[in-house]
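Report on the structure
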Amino acid sequence: MITSYDIVIIGGGPAGLAAAISAYDSGARNIVIVERDERLGGILNQCIHNGFGLTRFKESLTGPEYSGRFIEEIKKRNISYLLNTAVLSLTKDKQLTLINAEKGIFNVKAKAVILAMGCRERSKGALNIAGSRPAGIFSAGTAQVYLNLKGYLPGKRVVILGSGDIGLIMARRMTLEGAKVLAVCELMPYSSGLKRNIKQCLEDFDIPLYLSHTITKIEGDKRVSGVVVSKVDENKKPIPGSEIHFDCDTVLFSVGLIPENELSTGASVELSPKTKGAIVYQNRETKVEGIFACGNVLQVHDLVDFVSEESEIAGKSAADYVLNGAKEKNGIAVNAGMNINYVLPQIIDKNQKGHVKLFFRVSNTFKDCVIKVASGDEILLTKKKKVAVPGEMETLILTEEKIALSQGEIKVWLEEEGI
């Protein structure tokens, strides 16, 4: 017998929790969260540093404290959840195959599905770095698990490749636990982390950041014994003669996140080549009717507050779909123009009422710039920025009146001062 639900939410991290609460508060009742871990909370369970919730709660919370507030709300509403349960497959007609130790393999059917699976870290294998494969090489997130959840110090002399937020936070965390972080190396000419993390995690601890540098060789037999770091040119190629050698026993990689979209593709959800997440309307519905996406599986966020905000949109929209059925769409494309990496949502449905918040990231570091939004010859919005950096997500709000003015494609681009 196949169990049926109104809404199945895949993932019990901050995105899934916020989506579930929003769906419930919007009138849906037969909801279940499916989480493969032994507890709700997702990645926040290993993020014991503070800084979460500054926007939403006006407080500086740790990751477990932030997720704990949502878990309390889940329990108050008696929203069902399945722990230690993995989703093996999802079809476009919203049938799911699940597995856990108690039931084995079983099937469920949903009227709506919310994708909230989060991200995984890009591994060393994707980087093509010369050298052997000794012990002492970790992704930053794996090192975070060892240190924060299991109580093991992964190494004592550390070099970090990549200046993503997890890498920056682990530079500070390793230092506080007695390790020596020798360098953080970043291939790009700018950091991909938040400015506050560069200040609080590197500068406050005198940890050097080498921009336009990468690891070109890892040395060691059974254990890492050293690395060679080289400066790169404008084509990201190592410059001969620029090598720096570091004696170290540990290398951490913080080289980007990849949305976990294997289930999405199995359900014929179309993905964006720019975000690696689903292409969605402003209500976070994908091009597959009744399947919604939110959080880091949709786009890699810098702040969990944005994850919660976006997931509430998905939850409310899924509840509306279940309670009121599908509605006719009048979609117009939203595209990234000059100096913009991507814009989300990628489609605006003009039949949906209300304003639309656009999320986007710039392609480089810019000062004294102007961001513009236009449809054809109609300038819908302009916004001046003193500084715009790739590591921090930007937002703009298009009002319903502005959306009504658009007659075709909407484009977002950035102009530097003087252009």
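Going by the structure above, here's the rest.
An account of the accompanying structure is given in this report.

Side note on the nonpolar core
Counting 34 residues, the largest nonpolar core has Ile-7, Ile-9, Ile-33 and Ile-114 as its most contacted members. Within the residue set of this core, elements represented by two or more residues are strand S1 (3-10), helix H1 (14-25), strand S2 (31-34), helix H2 (63-76), strand S6 (104-115) and helix H7 (304-324). Excluding anything up to four places from it in sequence, Ile-9 contacts Gly-16, Ala-19, Ala-20, Ile-31, Val-32, Ile-33, Val-34, Ile-114 and Ala-116. Counting 32 residues, the second-largest nonpolar core is a separate cluster that includes Leu-96, Val-269, Ala-278 and Ala-293.

Some words on the pairing of strand S5 (residues 95-100)
Each regular strand carries side chains that alternate between the two faces of the sheet. Pairing between strand S4 (residues 86-90) and S5: four bridges, direction antiparallel. Residue pairing across strands places Val-87 opposite Leu-98, the latter belonging to S5. Where S4 hands over to S5, the hairpin turn is made up of four residues, of which Lys-94 adopts a positive phi near 70°. Across six bridges, S5 lies against S6 in antiparallel orientation. Bridge assignment links Gln-95 to a residue of S6, and that residue is Lys-109.

Quick notes on the environment of Gly-193
One can find Gly-193 in the loop between strand S11 (180-186) and helix H5 (195-202). Classification of Gly-193 by relative accessible area gives buried; the value is 2%. Along the chain, Gly-193 and Pro-390 lie 197 residues apart, while their C-alpha atoms are 8.3 Å from each other.

Let's talk about the sheet that holds strand S25 (residues 394-398)
Ordered by their spatial adjacency, three strands build an open sheet running S20-S22-S25, and the pairing between neighbours is antiparallel. Since the sheet does not close on itself, it has two edges, and those belong to strand S20 (340-344) and S25, each with one partner. In this sheet, neighbouring strand axes are inclined to one another by 25° on average, regardless of whether the strands run parallel or antiparallel. Relative to strand S22 (residues 356-362), S20 is paired through four bridges, and the arrangement is antiparallel. The residue bridging Leu-344 from the neighbouring strand is Phe-359, located in S22.

Remarks on the side chain of Lys-385
Within the fold, Lys-385 resides in strand S24 (residues 378-388). A polar side-chain atom of Lys-385 sits 3.1 Å from a polar atom in the side chain of Glu-394. Ignoring sequence-local partners within four residues, the contact set of Lys-385 consists of Lys-367, Asp-368, Cys-369, Ile-371 and Glu-394.

Some points on the pairing of S6
As paired strands, S1 and S6 are joined by seven bridges and run parallel to one another. The residue bridging Tyr-5 from the neighbouring strand is Ala-110, located in S6. Here S5 hands over to S6 after three residues, the two strands then running antiparallel side by side. The pairing of S6 with strand S18 (residues 291-293) spans three bridges and is classified as parallel. Among the inter-strand pairings, Leu-115 is bridged to a residue of S18, identified as Ala-293.

Observations concerning the layout of surface pockets
Considered as a void within the structure, the second largest pocket measures approximately 660 Å³ in volume. For the second largest pocket, the lining is made up of 26 residues, of which Gln-282, Asn-283, Ser-317, Gln-352 and Lys-353 are closest to its centre. Looking at the lining of the second largest pocket, the elements that each hand over two or more residues are H7 and S22. The element best represented in the lining of the second largest pocket is H7, accounting for seven residues. Across the lining of the second largest pocket, the residue classes tally to six nonpolar, eight polar and 12 charged.

Regarding the packing of H1 against H7
Running from N to C, H1 and H7 cross one another at 40°; their axes reach a closest spacing of 7 Å. With respect to H7, the axis of H1 lies oblique. Considering the relative orientation of H1 and H7, their crossing is right-handed. Mapping the contact onto sequence places Pro-14, Ala-15, Ala-18, Ala-19, Ser-22 and Ala-23 in H1 and Val-304, Val-307, Ser-308, Ser-311, Glu-312, Gly-315, Lys-316 and Ala-319 in H7. Split by residue class, the contact of H1 with H7 holds eight nonpolar, four polar and two charged.

Here we look at the pattern of salt bridges
Inspection of the entire model under this criterion finds 20 salt bridges. As a salt-bridge pair, Arg-173 and Glu-177 come within 2.7 Å of each other at their nearest N and O atoms. One salt-bridge network, held together by shared partners, links Asp-25, Glu-73, Lys-76 and Arg-77.

With respect to the environment of Val-280
Note that Val-280 resides in the loop between helix H6 (262-266) and S18. Along the backbone, Val-280 and Pro-240 are 40 residues apart, and their C-alpha atoms lie at a distance of 45 Å. Excluding residues that lie within four positions of it along the chain, Val-280 makes contacts with Glu-285, Thr-286, Ala-293, Leu-298, Leu-344, Pro-345, Gln-346 and Ile-347.

Quick look at the packing of aromatic side chains
Counted according to the given criterion, the structure contains seven aromatic pairs. Taking the centre distance of 5.8 Å and the plane angle of 75° together, the rings of Phe-138 and Tyr-146 count as edge-to-face. The class for Phe-138 is buried, based on a relative accessible area of 16%. With 6.0 Å between their ring centres and 75° between their planes, Tyr-210 and Phe-246 make a pair best called edge-to-face. Taken together, the positions of Tyr-210 in strand S12 (residues 209-211) and Phe-246 in strand S15 (residues 244-247) put the pair 36 residues apart, joining distant regions of the chain. Chaining the aromatic ring pairs together yields one cluster made of Phe-57, Tyr-66 and Phe-70. A cation sits over an aromatic face here: Arg-29 above Tyr-24, 3.8 Å from the ring centre. Its end group placed over the ring of Phe-106, Lys-103 keeps NZ or CZ at 4.9 Å from the ring centre.

Cut-offs and rules
- Residues numbered from 1 in each chain as written.
- Predicted model: local features only at pLDDT ≥ 70, side-chain atom pairs only at ≥ 80, totals over all residues.
- Heavy atoms only, no water.
- Core = buried A, V, L, I, M, F, W, Y, C linked by side-chain atoms within 4.5 Å.
- Buried < 20%, exposed > 50% of the residue type's maximum accessible area, 1.4 Å probe, protein only.
- Helix = DSSP H or I, 4+ residues; strand = E, 2+ residues; numbered from the N terminus.
- Contact = heavy atoms within 4.5 Å.
- Pairing = 2+ DSSP bridges.
- Axes fitted to C-alpha atoms, helices over the stretch in contact; angles between N-to-C directions.
- Polar contact = N/O pair within 3.5 Å; in protein donor to acceptor, adjacent residues only side chain to side chain.
- 1 Å grid on protein atoms, 1.4 Å probe; cavity = no way out; pocket = protein on both sides within 12 Å on 5 of 7 lines; lining within 4 Å.
- Points joined across faces, edges and corners; volume = space filled by probe spheres on them.
- Nonpolar A, V, L, I, M, F, W, Y, C, P; charged D, E, K, R; others polar.
- Parallel < 35°, antiparallel > 145°, perpendicular 65-115°, else oblique.
- Left-handed = near helix turned anticlockwise from the far one by under 90°.
- Salt bridge = Lys/Arg side-chain N within 4 Å of Asp/Glu carboxyl O.
- Phe/Tyr/Trp six-rings, centres within 6.5 Å; stacked < 30°, edge-to-face > 60°.
- Lys NZ or Arg CZ within 6 Å of the ring centre and 35° of its normal.

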